[in-house]
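Okay, here's what each chain looks like letter by letter:
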Amino acid sequence: MLKNNIRSVKASEIELKERVVAINRVAKVVKGGRRFSFAAIVVVGDGNGVVGYGLGKANEVTDAIAKGIDDAKKNLVKVPLYHHTVPHPMEGKYSGGYVLVKPAAAGTGVIAGGAMRAVLESAGIKDVLCKSKGSSNPHNVVKATFDALAKMRDPLAVAQQRGVNLQKVFNG
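Throughout what follows, the structure given in this document is the object of discussion. Owing to the predicted nature of the structure, the values given are computational and were not obtained by experimental measurement.

**Describing the packing of helix α2 (residues 114-123) against helix α3 (residues 138-150)**
Part 1: Contact geometry of α2 with α3 gives a least axis separation of 8 Å together with a crossing angle of 40°. The angle between α2 and α3 falls in the class oblique. As α2 runs across α3, the sense of the crossing is right-handed. Residues A115, M116, V119 and L120 of α2 pack against P138, V141, V142, T145, F146 and L149 of α3.
Part 2: Residues that form the contact of α2 with α3 fall into these classes: nine nonpolar, one polar and no charged.

What follows is the structure, given as structure tokens:
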């Protein structure tokens, strides 16, 4: 769904910081015992409205993280920001994960749980109120957060579309 987003960005154009959200050890039972492998979910962002997530799986943790970073760079999206916060409240949903993202006053900080916090801080959002209302599985929470951010509308585009100034969009 996010791959066909109009606001997709190329990774080669920007400096990205990566953040590991979760590492999961997976066991496969074979004849000689258990064989362990690792799955890592990684978020990358430039801190200025561009963010992406990826999943990497490998037999070593470092390889899983590297694969996750490569996957995240392929799924970058541009998030609209307004004074270091989100422009309006939005709900996101993915599978069992439901998240609520609301704008906050300057100085509030990022009020969010672990997986959501990584996404929002990587996107460069500094003041936001969030609540994860469904599944606590980090995969679903990250994807639900991306769903909420992808549905955000840019306030300047809304003002131009309506033919009014930016203050009228927010204050009625």
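**A word on the sheet that holds strand β6 (residues 97-103)**
Part 1: Strands sit in the order β5-β6-β8-β7 across an open sheet of four strands; the sheet is mixed. Sheet topology places β5 (90-94) and β7 (110-111) at the edges, where each strand pairs with a single neighbour.
Part 2: Lying on the sheet, α2 is in contact with β6, β7 and β8 (128-132); it crosses β8 at an angle near 150°.
Part 3: Of the strands in this sheet, β5, β6 and β8 are in contact with α3, which crosses β5 at around 135°.

**A closer look at α2**
Part 1: The element α2 is extensively covered by neighbouring structure, given that seven of its ten residues are classed as buried.
Part 2: Listed as buried for α2 are A115, M116, A118, V119, L120, S122 and A123.

How each quantity is defined
Residues numbered from 1 in each chain as written. Predicted model: local features only at pLDDT ≥ 70, side-chain atom pairs only at ≥ 80, totals over all residues. Heavy atoms only, no water. Axes fitted to C-alpha atoms, helices over the stretch in contact; angles between N-to-C directions. Helix = DSSP H or I, 4+ residues; strand = E, 2+ residues; numbered from the N terminus. Parallel < 35°, antiparallel > 145°, perpendicular 65-115°, else oblique. Left-handed = near helix turned anticlockwise from the far one by under 90°. Contact = heavy atoms within 4.5 Å. Nonpolar A, V, L, I, M, F, W, Y, C, P; charged D, E, K, R; others polar. Pairing = 2+ DSSP bridges. Buried < 20%, exposed > 50% of the residue type's maximum accessible area, 1.4 Å probe, protein only.

Everything listed is a geometric property; what it means functionally is a separate question.
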